[in-house]
Structures are given as C-alpha cells and as structure tokens.
Amino acid sequence: MQQLYGAGIDISKPQGNMVVDIGGGTTDVAVISLGGSVVSTSLKVAGDKFDEAVVKYIKRKHNVIIGERTAEDLKINIGCVYPKIQDVEMDIRGRDLGTGLPKTITIHSSEMLEALIEPAMMVVDAVHSVLEKTPPELIADISNKGIYMTGGGSLVDGLDKLLQEKTGINVMIANDAVSCVALGTGKALDNLDVLDKRKRK
Ligand SMILES: Nc1ncnc2c1ncn2[C@@H]1O[C@H](COP(=O)(O)OP(=O)(O)OP(=O)(O)O)[C@@H](O)[C@H]1O
Ligand SMILES: [Mg+2]
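All chains use their own residue numbering, which begins from 1 and follows the written sequence. Naming scheme: in the order in which they are written, chains are lettered from A and ligands are numbered from 1. Only residues with pLDDT of at least 70 get local features here, since the model is predicted, and only at 80 or more are side-chain atom pairs given and counted; chain-wide, interface and lining totals rely on the full set of residues. The basis for the side-chain values is all heavy atoms of the structure; hydrogens and waters are excluded.

Here's the deal with the overall build of the protein chain
Line of reasoning, step 1. In DSSP terms, a helix is any run of H or I states spanning at least four residues, a strand is any run of E spanning at least two, and both are numbered starting from the N terminus. Along its length, the protein chain carries 7 helices and 8 strands.
Line of reasoning, step 2. Every residue pair with non-hydrogen atoms within 4.5 Å of one another is taken to be in contact. Counting contacts in the protein chain only where the partners sit at least 6 residues apart, residues at least 24 apart contribute 56% of the total.
Line of reasoning, step 3. Computed by Shrake-Rupley with a 1.4 Å probe, the accessible areas treat only the displayed protein chains as cover when residues are assessed. For the protein chain, the accessible surface area stands at approximately 10800 Å², while carbon and sulfur atoms represent 52% of it.

Right, here's the structure in full:
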C-alpha cells in the first residue's frame with residue numbers, strides 16, 4: 001500500500017484505482033478503493049523473470065551463456081516489449097558453449113522483444129484477470145483515470161504501450177517508479193521520527 005502514497009494516488013475516495021507494481025521478484029496487480037484492495041493478484045513474474053528470459057534466449061539463439069547482471073544490463077539498455085521505432089544494439093560478453101571461451105556478441109533490441117514478450121504477456125494476462133473480476137462501477141473509474149504502473153520492472157521499454165494496447169485503457173508510469181516504494185516508506189518513516197522524538201522528550 002505504501003507505494004500508492006509515493007505514486008501520489010488518493011485511495012481514500014470511493015473510486016477505483018488500478019495499480020500494477022512490477023518489482024524484482026513479484027508483480028502485484030490491485031484495484032483499490034476507499035483504502036482497501038477490492039480485487040488483486042500477485043505473480044512471481046517481474047524483473048528477475050525478465051532477466052532469466054534474456055539469459056535463456058541468448059543461450060538458445062547464440063549458444064552463449066551470460067550472467068544475470070549482463071541480462072539485466074541488456075534489459076535496461078536495449079530491452080523492449082513493443083517494437084522500437086529504431087533498432088538499437090549492444091555488445092556483451094559471455095561464454096561460448098562450444099569452445100568454453102569468452103565471446104563478444106552483438107544483441108539487437110528486436111531480439112530483446114522476442115525474449116521478453118512471453119513474461120510481459122504474463123503480466124498483461126494477470127491485469128486482464130483482475131479487470132474481469134472488478135465490479136462494473138469501478139471499471140468505469142479505471143477506464144476514466146487509467147492504470148498506474150509502478151516498480152522498477154514497469155520501466156522496461158514499451159510495457160506501458162503493450163498494456164495499453166491489450167486492455168484499451170490508458171496506462172501511466174508513476175513518476176519515480178523505482179523510488180515510489182522508498183518514497184511511501186519515507187513518508188511513513190517521517191511519522192516514526194515524530195514518534196521517536198516524542199519518546200526522547
Ligand atoms: N530502467 C529500467 N528498465 C527496466 N527495468 C528496470 C529499470 N530499472 C530497474 N529495473 C528493474 O526493476 C526491478 C526492481 O524493481 P523494484 O526496485 O521496484 O523491485 P523491488 O521492490 O525491490 O522488488 P519486489 O517488489 O519484487 O520485492 C529489477 O528487476 C530491475 O532490473
Ligand atoms: Mg516492490
């Protein structure tokens with residue numbers, strides 16, 4: 001719930017808000033109204049699974065093993081789940097499975113799309129399933145206000161576009177998606193600080 005304060009969403013009103021928080025290990029999809037979650041789901045498909053998909057793809061397509069940090073670099077720098085207007089590429093080093101020796105290969109963003117579309121569609125499907133269970137009056141609110149995406153995983157290029165295309169609902173990435181949770185927690189911590197000062201007096 002903390003991330004919602006960070007994202008600047010007012011959940012105290014009787015209107016529905018949909019929030020999709022894509023973290024490292026978990027994606028949380030929730031429709032929230034009056035401070036409580038009305039419908040929600042959680043899946044173990046988030047940033048880490050995107051990285052794993054890249055590792056698997058490069059192994060299959062190039063016969064090269066890369067580490068998860070390299071996969072994350074690729075995801076952040078040239079990753080996409082929606083075709084980019086212009087293809088971009090990145091050189092990476094891994095171990096050639098044939099020779100066992102280091103090898104440098106060039107990866108294109110179009111390949112990242114192939115690698116990442118499967119986990120991305122799992123997130124889209126989870127959003128669909130939550131929308132299906134959402135009461136009609138709240139669906140109206142959500143389609144008016146849009147879907148909020150937050151968490152570092154939401155920054156994969158084109159994920160907002162893909163979700164928007166598949167749901168027909170406007171998708172917004174919360175400003176500071178990565179620090180939203182920290183911001184929310186920060187606000188809670190400010191209050192703790194007040195309590196703490198009181199104690200010390
Ligand atoms: N610019 C970026 N593009 C794509 N992915 C990114 C970007 N920046 C961060 N990430 C990914 O975001 C993920 C971490 O997100 P976040 O910090 O929200 O997770 P978390 O809150 O620690 O995890 P969880 O919510 O699962 O406990 C990592 O998988 C990271 O690779
Ligand atoms: Mg998180």
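Side note on a nonpolar patch on the surface
Line of reasoning, step 1. A contiguous nonpolar surface patch, about 250 Å² in accessible area, is contributed by Leu-155, Ile-173 and Val-178.
Line of reasoning, step 2. You can see Leu-155 is positioned in the loop between strand E7 (147-150) and helix H6 (159-167). Nonpolar side chains (Val, Leu, Ile, Met, Phe, Trp, Tyr) are joined into patches within 5 Å and like charges within 9 Å, using only residues with over 30% relative accessible area and no salt bridge. Here, a salt bridge means any side-chain nitrogen of Lys or Arg that lies within 4 Å of a carboxyl oxygen of Asp or Glu.

Quick word on the sheet that holds strand E5 (residues 89-96)
Line of reasoning, step 1. Between any two strands, pairing holds if DSSP finds at least two bridges. Judged by pairing direction, the sheet is antiparallel, and its 3 strands sit side by side in the order E4-E5-E6 without closing on themselves. The outermost strands of the open sheet, each flanked by one partner alone, are strand E4 (64-65) and strand E6 (102-108).
Line of reasoning, step 2. Lines fitted to C-alpha atoms define the axes, with helix axes restricted to the stretch in contact, and inter-axis angles between N-to-C directions lie between 0 and 180 degrees. The strands touched by helix H3 (residues 68-78) are E5 and E6; relative to E5, the strand with the most contacts, the crossing angle is about 165°.

Examining helix H2 (residues 47-62)
Line of reasoning, step 1. Over its 16 residues, H2 extends 22 Å from the first C-alpha to the last, a length consistent with the 22 Å expected when each residue adds 1.5 Å.
Line of reasoning, step 2. Looking only at H2, the buried set comprises Gly-47, Phe-50, Asp-51, Ala-53, Val-54, Val-55, Tyr-57 and Ile-58.
Line of reasoning, step 3. Asn-63 lies just past H2 and shows a positive phi near 60°. Helix span, expected: 1.5 Å multiplied by one less than the number of residues in the helix. The rule is simple: take the accessible area with a 1.4 Å probe, protein chains only, and divide by the maximum for that residue type; under 20% is buried, over 50% is exposed, in between is partly exposed.

Considerations on the packing of H2 against H3
Line of reasoning, step 1. The contact between H2 and H3 brings their axes to 8 Å, and the two run at 100°. On the basis of their axis angle, the class for H2 and H3 is roughly perpendicular. Residues Gly-47, Phe-50, Asp-51, Glu-52, Val-54, Val-55 and Ile-58 of H2 form the contact with H3, whose own contacting residues are Glu-68, Ala-71, Glu-72, Leu-74 and Lys-75.
Line of reasoning, step 2. The residue classification treats Ala, Val, Leu, Ile, Met, Phe, Trp, Tyr, Cys and Pro as nonpolar and Asp, Glu, Lys and Arg as charged. All others, Gly included, are polar. Here the contact of H2 with H3 is built from residues that sort into 6 nonpolar, 1 polar and 5 charged. If an angle is under 35 degrees, it is roughly parallel; if it is over 145, roughly antiparallel; if it lies from 65 to 115, roughly perpendicular; otherwise it is oblique.

Details of a positive patch on the surface
Line of reasoning, step 1. By the counting scheme adopted, Arg and Lys are positive, Glu and Asp are negative, and His together with the chain ends is not counted. Every charge is mapped onto a representative atom, which is NZ of Lys, CZ of Arg, CG of Asp or CD of Glu. A cluster of basic side chains, namely Lys-44, Lys-49, Lys-56 and Arg-60, defines a positive patch on the protein surface.
Line of reasoning, step 2. With respect to the helices and strands, Lys-56 occurs in helix H2.

A short note on the environment of Asp-73
Line of reasoning, step 1. As for its position among the elements, Asp-73 is in helix H3.
Line of reasoning, step 2. Note: C-alpha distance between Asp-73 and Ile-92 (19 residues apart in sequence) is 9.2 Å.
Line of reasoning, step 3. Apart from the residues within four sequence positions on either side, Asp-73 is in contact with Ile-78 and Met-90.

So, the side chain of Asn-17
Line of reasoning, step 1. Along the chain, the position of Asn-17 falls in strand E1 (residues 17-22).
Line of reasoning, step 2. We call two N or O atoms a polar contact when they sit within 3.5 Å, provided that within protein one can donate a hydrogen and the other can accept it, with sequence-adjacent residues counted only if both atoms are side-chain atoms. Within the structure, the side chain of Asn-17 is placed 3.2 Å from the side chain of Lys-145, a separation counted as a polar contact.
Line of reasoning, step 3. Sequence-distant contacts of Asn-17, that is, excluding residues within four places in its chain, are made with Ile-9, Asp-10, Ile-11, Ala-30, Val-31, Ile-32, Ile-142, Lys-145 and Tyr-148.

Concerning the pairing of strand E2 (residues 27-33)
Line of reasoning, step 1. With 6 of its 7 residues buried, E2 lies for the most part within the structure.
Line of reasoning, step 2. Examined bridge by bridge, E1 and E2 share 6 bridges and lie antiparallel to one another. Pairing of Asn-17 across the sheet is with Ile-32, part of E2.
Line of reasoning, step 3. In this structure, the hairpin formed by E2 and strand E3 (residues 36-43) is closed by a connection of 2 residues, where Leu-34 is found at a positive phi of approximately 50°.

Thoughts on the layout of surface pockets
Line of reasoning, step 1. Of the volumes computed, that of the largest pocket is approximately 260 Å³.
Line of reasoning, step 2. Lining of the largest pocket is provided by Val-45, Lys-49, Glu-52, Ala-53, Lys-56, Tyr-57, Arg-60, Glu-114, Ala-115, Glu-118, Pro-119 and Met-122.
Line of reasoning, step 3. Elements with a contribution of two residues or more to the lining of the largest pocket: H2 and helix H4 (109-133).
Line of reasoning, step 4. Residue contributions to the lining of the largest pocket peak at 6 residues, all from H2.
Line of reasoning, step 5. When the residues that make up the lining of the largest pocket are grouped by side-chain class, the tally is 6 nonpolar, no polar and 6 charged.
Line of reasoning, step 6. Think of a 1 Å grid over the protein atoms and nothing else: a 1.4 Å probe that fits but is trapped marks a cavity, an open set flanked by protein within 12 Å on at least five of seven lines marks a pocket, and residues with an atom within 4 Å of a point count as lining. If you trace the second largest pocket, you find it lined by Glu-72, Lys-75, Ile-76, Asn-77, Gly-79, Lys-84, Gly-152, Gly-153, Leu-155, Val-156, Asp-157 and Val-178. Grid points are joined across faces, edges and corners, and a volume is the space filled by probe spheres set on the points.

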